[in-house]
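Take a look at the letters that make up each chain.
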Amino acid sequence: MLQQTSYSQPELDAMFNLANPPAMQLPQGKMRMIDRIVYVSSTGGKYNKGELIAEFDVLPDLWFFKCHFPGDPIMPGCLGVDALCQGLGFYLAWAGYEGKGRALGIGGVRFFGEVLPEASSIRYHIHIRRVFRKDIVMGIADGSVYVDGTEIYSAENIRTGLIPVVGMNAVS
């Protein structure tokens, strides 16, 4: 993966082209909750071990507003939490590790706001706590979800792993 400090939506789309599978994949189509990576670094963040900031554009006709909940549309909180896992998986691939990304758990999540159809954008801020490699590569991080600049969720001890795929070589 070309290591840049940011990635536009067209760059992410090209990077995760299903015709040429990359070393690590973000979900595609409706399940990809990241439109662009605004900033990624191996330093900085709360723990000075790395951080990732990503964004997602909110449009009033997004699929989840039609079904969650009829007459009272909001984005399901689990999608924001999944976006934090997606971002941590991207960070691991950006750092040079390879494998199939999998959410492995979260120590704690708090919801104190919601995403409504009239919102403009969501920002995810992930603070890397630790990355280690044993049988798999696992990242541990804390993160926050912001809608139009206001924090609405926080998560601690987000754990995302990269599971080895036959033929892939992970970084030591």
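This text goes with the structure placed above it.
Below is a summary of the structure that appears in this document. Everything numeric here is computed off the predicted structure, so don't read it as measured data.

Calculation criteria
- Residues numbered from 1 in each chain as written.
- Predicted model: local features only at pLDDT ≥ 70, side-chain atom pairs only at ≥ 80, totals over all residues.
- Heavy atoms only, no water.
- Helix = DSSP H or I, 4+ residues; strand = E, 2+ residues; numbered from the N terminus.
- Buried < 20%, exposed > 50% of the residue type's maximum accessible area, 1.4 Å probe, protein only.
- Contact = heavy atoms within 4.5 Å.
- Areas by Shrake-Rupley, 256 points an atom, 1.4 Å probe, with all protein chains shown as cover.
- Core = buried A, V, L, I, M, F, W, Y, C linked by side-chain atoms within 4.5 Å.
- Polar contact = N/O pair within 3.5 Å; in protein donor to acceptor, adjacent residues only side chain to side chain.
- Salt bridge = Lys/Arg side-chain N within 4 Å of Asp/Glu carboxyl O.

In terms of regular secondary structure, the protein chain is built from 2 helices and 7 strands. Shown N-terminal to C-terminal, the secondary structure of the protein chain runs as helices and strands in the order α-β-β-α-β-β-β-β-β. Considering the protein chain as a whole, with its 172 residues, one finds that 42% of them fall into the buried category. The long-range fraction of contacts in the protein chain, counting pairs at least 24 apart against all pairs at least 6 apart in sequence, stands at 66%. A total accessible area of about 8700 Å² is found for the protein chain, and carbon and sulfur atoms account for 52% of it.

By secondary structure assignment, the location of Asp148 is in the loop between strand S6 (137-147) and strand S7 (150-163). According to the relative accessible area criterion, Asp148 is partly exposed, its value standing at 43%. Through-space distance from the C-alpha of Asp148 to that of Ser120 is 6.2 Å; in sequence the pair is 28 residues apart. Other than its neighbours up to four places away in sequence, Asp148 contacts Ala119, Ser120 and Ser121.

The next subject is unusual backbone geometry. With an omega of -5 degrees, the peptide bond between His68 and Phe69 qualifies as cis. As for its placement among the helices and strands, Phe69 is situated in the loop between strand S2 (51-57) and helix H2 (77-94). With a phi angle near 45 degrees, Asp148 is a residue other than glycine that sits in the positive phi range.

We now examine the nonpolar core. Grouped together as the largest cluster of nonpolar side chains are 40 residues, with contacts concentrated most on Ile37, Met75, Val115 and Tyr124. Residue assignment for this core shows that the elements contributing at least two residues are strand S1 (36-41), S2, H2, strand S5 (121-133), S6 and S7. Broken down by element, the residue count for this core peaks at 9 residues, all from H2. Not counting residues up to four positions away in its chain, the partners in contact with Ile37 are Ser6, Tyr7, Leu12, Leu52, Ile53, Ala54 and Phe90.

With respect to the helices and strands, Glu55 occurs in strand S2. A relative accessible area of 15% means that Glu55 is categorised as buried. The contact partners of Glu55, leaving out residues within four places of it in the chain, are Ile34, Asp35, Arg36, Val38, Ile122, Arg123 and Tyr124.

Before going further, it helps to spend a moment on the environment of Asp142. Structurally, Asp142 is set in strand S6. Under the relative-accessibility criterion, Asp142 is labelled buried at 5%. In the structure, Asp142 is positioned 15 residues away from His127 in sequence and 5.2 Å away in space, judged by C-alpha atoms. Not counting chain neighbours up to four residues away, the residues in contact with Asp142 comprise Lys46, Tyr47, His125, Ile126, His127, Arg129, Ala155, Glu156, Asn157 and Ile158. For Asp142, the side chain forms a polar contact with the side chain of Tyr47, separated by 2.4 Å. A polar atom in the side chain of Asp142 sits 3.2 Å from the side chain of Arg129.

Here we take up the pattern of salt bridges. With the rule as written, the count across this model stands at 5 salt bridges. Between Glu55 and Arg36 there is a salt bridge, and its shortest N-O distance comes to 2.9 Å. Of the two residues, Glu55 sits in strand S2 while Arg36 sits in strand S1, which places them 19 residues apart along the sequence.

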